[in-house]
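Residue-level structure breakdown
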Amino acid sequence: MTVELNPTRPDERELFIDNLQTAFRRADGSNKFRREDLPLFFERSNATLWNILADKIFVGGAVLIINGVTQRNKLSLFFVNADYRNRGIGFAAWRVIEKLFPATKVWEASTPWLDKRNLHFYLNKCRFNAVSIYSSRHPVQYTDKEIYLALEKIMR
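A quick note: this is a predicted structure, and the numbers were derived from the prediction, not measured. Every chain's residues receive numbers from 1 upward, in the order its sequence appears when written. Where totals are concerned, whole chains, interfaces and linings use all residues; where local detail is concerned, this predicted model gives features only for residues with pLDDT of at least 70, and gives and counts side-chain atom pairs only at 80 or more. Values reported for side chains reflect all heavy atoms of the structure, with hydrogen atoms and water molecules removed beforehand.

Here the focus is the overall build of the protein. In DSSP terms, a helix is any run of H or I states spanning at least four residues, a strand is any run of E spanning at least two, and both are numbered starting from the N terminus. In terms of helices and strands, the protein carries four helices and seven strands. Mapped from its N terminus to its C terminus, the protein presents α and β elements in the order β-α-α-β-β-β-α-β-α-β-β. In this description the radius of gyration comes from C-alpha coordinates, and the expected globular size is given by 2.2 Å times residues to the power 0.38. Here the C-alpha radius of gyration of the protein, 15 Å, is about what a compact globule of 156 residues would show, namely 15 Å. Exposure categories follow from relative accessible area, calculated using a 1.4 Å probe and restricted to protein chains: below 20% of the type maximum is buried, above 50% is exposed, and the middle band is partly exposed. The 156 residues of the protein split such that 40% are buried. In this description, contact between two residues means that some pair of their heavy atoms is separated by no more than 4.5 Å. Within the protein, residue pairs in contact and separated by at least 24 positions form 57% of the contacts whose partners lie at least 6 positions apart.

So this is what it looks like as structure tokens:
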């Protein structure tokens, strides 16, 4: 299986958001992100949206925030559609991201601390390190009620 990432074109943005919302839907059926907030978030954070393709089929996406000055970059959102999980696509996509941005000094990410699947992926597969735990009480602006693990991967 060939996994690649392509920048999301403007005409693909709505489909990207639909898939992102589906991937991050909570167990109770509510959306983790308000749809109307996402375009503003992408714009304010200077994020780039990337389609994850497996054998040329859209299977997920990544939202990256790249700092060309510090090379301290962020994997802000990352998802593989449910029908394509457990096939190694997420890890293959992560490896492509690393190759696309070889000047990166540090990658940052975060994940809910009770999500064992995500923790295994980030810590054991992708080799991130947990650096902090934060929640709505943390100085970082988080309004979500979940507790998150801040992750870093030092590249060089």
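In terms of residue burial, strand 7 (residues 148-154) counts as a mostly covered element, since six of its seven residues are buried. Strands were regarded as paired on the criterion that DSSP finds at least two bridges between them. As defined by bridge partners, strand 5 (residues 106-112) adjoins strand 7 across seven bridges and the pair is classed as antiparallel. Counterpart to valine 106 in the pairing with strand 7 is isoleucine 154. Where strand 6 (residues 129-134) meets strand 7, five bridges bridge the pair, whose relative direction is antiparallel. Paired with alanine 130 across the two strands is leucine 151, which belongs to strand 7.

Turning to the nonpolar core, a few remarks are in order. Leu75, Phe78 and Ile97 are the most contacted members of the largest nonpolar core, which totals 25 residues. When contributions to this core are tallied by element, the ones reaching two or more residues are strand 1 (3-7), strand 2 (48-54), strand 3 (57-65), strand 4 (72-80), helix 3 (89-100), strand 5, helix 4 (116-125) and strand 7. For this core, the element with the highest residue contribution is helix 3, accounting for four residues. Filtering out sequence-adjacent residues up to four positions away, leucine 75 remains in contact with Ala62, Val63, Leu64, Trp94, Ile97, Trp107, Glu108, Ala109 and Tyr122. In terms of nonpolar packing, the next biggest core, distinct from the first, is built from eleven residues, Leu20, Leu38, Phe42 and Ala47 among them. Only buried residues count toward a nonpolar core, which is a set of Ala, Val, Leu, Ile, Met, Phe, Trp, Tyr and Cys residues joined through side-chain atoms within 4.5 Å.

Before going further, it helps to examine the environment of alanine 93. Residue position: alanine 93 is located in helix 3. Spatially, the C-alpha atom of alanine 93 lies 9.1 Å from that of alanine 54, the residues being 39 residues apart in sequence. For alanine 93, the contacting residues outside a window of four places in its chain are Val3, Leu5, Ile52 and Phe78.

Another point: the pattern of salt bridges. Between Lys or Arg on one side and Asp or Glu on the other, a salt bridge is scored when a side-chain nitrogen of the former is within 4 Å of a carboxyl oxygen of the latter. In total, this model carries eleven salt bridges according to the counting rule given. As a salt-bridge pair, glutamate 108 and arginine 72 come within 2.5 Å of each other at their nearest N and O atoms. Of this pair, glutamate 108 sits in strand 5 while arginine 72 sits in strand 4, and the two are 36 residues apart along the sequence. A residue is classified by how much of its surface remains accessible, and glutamate 108, at 22% relative accessible area, is partly exposed.

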